[in-house]
Amino acid sequence: MKVAFQAGVLQVWLDEAALTFDHADGASGGVFNLAMLCQGMSGAQIAENWRQLDPIAITQPNWRAYPKLLFAESLFRLDRLRRVGFSRWGLDWDAIRATDLEATFNAYDFTEHRLVVREAADVTEDFVVAGVSLPMWFPPVTIDGHTFIDAVYITDANLEEAIRRGADELWIIWTVSEEAEWRNGFVANYFQVIETAANGHFRRMLERIDASNEAIAAGANGEFGRHIDVKLLRAEVPLHYLINFSQDRSAQAVELGVRAGRAWCREQAIRLGPPASTPPEARTSLRFTEEMAGHLGFGIEQPVEGRDAGRRLGTSLGFRLTIRVPGVERFLLDPDLEAEAEGVLRCDELGGRLPVERGVFNLFVDRGDPSDRRMLYRLFFRDADDRPLTFTGYKVVRDDPGRDLWRDTTTLYVRILAGHVERGEDAAADVVASGILRLGALDFLRQLTTFRVEGPTFHDRADALGRFGLLFAGRLWDVYARDVLTSSPV
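Residues numbered from 1 in each chain as written. Predicted model: local features only at pLDDT ≥ 70, side-chain atom pairs only at ≥ 80, totals over all residues. Heavy atoms only, no water.

Quick look at the packing of helix α1 (residues 3–16) against helix α10 (residues 247–267)
Then, number 1: In the contact formed by α1 and α10, the axes pass within 6 Å of each other and the chain directions differ by 40°. Between α1 and α10, the angle falls in the class oblique. Pair α1 / α10 crosses with right-handed handedness. Of α10, the residues touching α1 (which contributes Ala4, Phe5, Gly8, Val9, Gln11, Val12, Trp13 and Glu16) are Ser250, Ala253, Val254, Leu256, Gly257, Val258, Ala260, Gly261, Arg262, Trp264 and Cys265. (Axes fitted to C-alpha atoms, helices over the stretch in contact; angles between N-to-C directions. Helix = DSSP H or I, 4+ residues; strand = E, 2+ residues; numbered from the N terminus. Parallel < 35°, antiparallel > 145°, perpendicular 65-115°, else oblique. Left-handed = near helix turned anticlockwise from the far one by under 90°. Contact = heavy atoms within 4.5 Å.)

This is the structure:
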């Protein structure tokens, strides 16, 4: 599933940057994107196929095997992937085999215990399915009397094949997790074994390339006889490799890939054309109200110290905000999960009731660590003397020891900055005051009654509210239930 992110990068590389490649290789889930590329699909078409993929539609338990318990063939089957998934993607195997692109697909021949690399002209549906047949999860594929499985244990990026064919420049999209946190349990262990094999082989190959390049730079031949330039885009994708039942999460991974691809190209000074995809139509909107209150200390930069000073001096701060999501469909795919915030602040020392001129709320912002996210608030207002000020606040959503979910999601660390300060400019701004606000249990219960959804039909409204709720629950799972499953299945 993590190659949904790869599809987003392909949209940028192939369409927006208009890059062309002499050779393309796919291993494990990458064979799906390679098949679409060989068929002549654009990067945007490949990305859209993943955006529209409903994982439930291709999920097929292997019911017949379950009574065998420890001797079961597999937990799931891939027949529905062939029948539904490939059909919805529009895969045409004759067109794939007729491609002009030099392409290679990888699978492991368990019968002969060797990696098999097939060119596009020789690829079949069976071989592509074999390329993702993870033992235990899916049954192996029998081709000409040989048993084939996923090649991931041997390679998840066949760099050697590309070099053998003359490549001196390797463009790699790597989505195998490189987190160094071991988790217990059979599911976690299984995919950690996958990561061990994939990352181990991949890094060893990169080390060989580095050693060869260093030898050539020193005047020797080097293992590969020429300098190999590696252009690597790697990412921690918040999506489980296999266990996912949410179309929204797949689509979110695509959008993360699009964003990462654009940022990477800018870093590499690669010119980008206009976006190759447009946000979905905004059919529904959602809003809810949040009230928080606490203490504030003036002339203090640290929120905890500001709260303590505010308690001693009796200086308080509160707000009543309405969070508006003008297009739920777009919000769900936005990596920043950005919404509008409007309402009023209350602080006697600043002038009493202070209207918010403009406000932004970000839900579960990714900080590079999937177990540490932020909810961000940025409110622009003026005090009684018409002095522009900015309210910035954040909730720390992090799985610390103990049961801290309630505390994390109801504690807001606040700073008041001089002037109207845009995101990214806080470090240069003067801090007027700081403190901590809390959401009480009764306030939380009242907040639940304030959710309102607008849309053309009851089904649209119910769907939007349900998807928003699943997103919220899924993001909490990503932080607090990672030991059960590293990414939420919904």
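Comments concerning the packing of aromatic side chains
Then, number 1: According to the stated counting rule, one finds 29 aromatic pairs in the structure shown.
Then, number 2: Pairing Trp63 with Tyr66 gives two aromatic rings, centres 5.5 Å apart and planes at 75°, and the pair type is edge-to-face.
Then, number 3: Overall, Trp63 belongs to the exposed group, its relative accessible area being 61%.
Then, number 4: Note on Trp406 and Phe444: the rings are 5.4 Å apart at their centroids and 90° apart in plane angle, and the pair reads as edge-to-face. One end of the pair, Trp406, is in helix α13 (residues 405–410); the other, Phe444, is in helix α14 (residues 441–448), with 38 residues separating them in the sequence.
Then, number 5: A network of ring pairs unites the aromatic residues Phe32, Trp50, Phe86, Trp89 and Trp93 as a single cluster.
Then, number 6: Stacked on the ring of Tyr241, the Lys or Arg Lys2 has its end atom at 4.8 Å from the ring centre. (Phe/Tyr/Trp six-rings, centres within 6.5 Å; stacked < 30°, edge-to-face > 60°. Buried < 20%, exposed > 50% of the residue type's maximum accessible area, 1.4 Å probe, protein only. Lys NZ or Arg CZ within 6 Å of the ring centre and 35° of its normal.)

Brief notes about the nonpolar core
Then, number 1: Judged by nonpolar contacts, the single largest core of 84 residues is most densely connected at Phe32, Trp50, Phe86, Phe105, Leu159 and Leu170.
Then, number 2: When residues of this core are assigned to their parent elements, the largest contribution, 9 residues, is made by α1.
Then, number 3: Residue contacts for Trp50: discarding those within four places in its chain leaves Met1, Val3, Ala4, Ala7, Phe32, Asn33, Met36, Trp89, Ser250 and Val254.
Then, number 4: In this structure, Ala341, Phe381, Val397 and Ala433 belong to the second largest nonpolar core, which totals 44 residues. (Core = buried A, V, L, I, M, F, W, Y, C linked by side-chain atoms within 4.5 Å.)

Let's talk about the side chain of Arg374
Then, number 1: Within the element layout of this structure, Arg374 appears in strand β13 (residues 372–382).
Then, number 2: Here Asp372 takes part through its side chain, which lies 2.4 Å from a polar atom of the side chain of Arg374.
Then, number 3: With sequence-adjacent residues up to four places away left out, Arg374 is seen in contact with Asn362, Leu363, Phe364, Val365, Arg367, Tyr394, Lys395, Val396 and Arg398. (Polar contact = N/O pair within 3.5 Å; in protein donor to acceptor, adjacent residues only side chain to side chain.)

Structural notes on a nonpolar patch on the surface
Then, number 1: A contiguous nonpolar patch, built from Leu69, Leu70 and Phe71 and spanning about 480 Å² of accessible area, is present on the exposed surface.
Then, number 2: Mapping Phe71 onto the fold places it in the loop between α4 (55–58) and α5 (79–89). (Patch = residues over 30% accessible without salt bridge, like charges linked within 9 Å, V, L, I, M, F, W, Y side chains within 5 Å. Areas by Shrake-Rupley, 256 points an atom, 1.4 Å probe, with all protein chains shown as cover. Salt bridge = Lys/Arg side-chain N within 4 Å of Asp/Glu carboxyl O.)

Details of the packing of α1 against helix α3 (residues 43–51)
What describes two packed helices is the angle between their axes and the distance between those same axes.
Then, number 1: In contact at an axis separation of 7 Å, α1 and α3 are set at 155° when each is read in the N-to-C sense. When the axis of α1 is compared with that of α3, the two are roughly antiparallel. Note on packing geometry: the crossing formed by α1 with α3 is left-handed. Residues Val3, Ala4, Ala7, Gly8, Leu10, Gln11, Leu14 and Asp15 of α1 pack against Gly43, Ala44, Ile46, Ala47, Trp50 and Arg51 of α3.
Then, number 2: Classifying every residue of the contact of α1 with α3 by side-chain character gives 9 nonpolar, 3 polar and 2 charged. (Nonpolar A, V, L, I, M, F, W, Y, C, P; charged D, E, K, R; others polar.)

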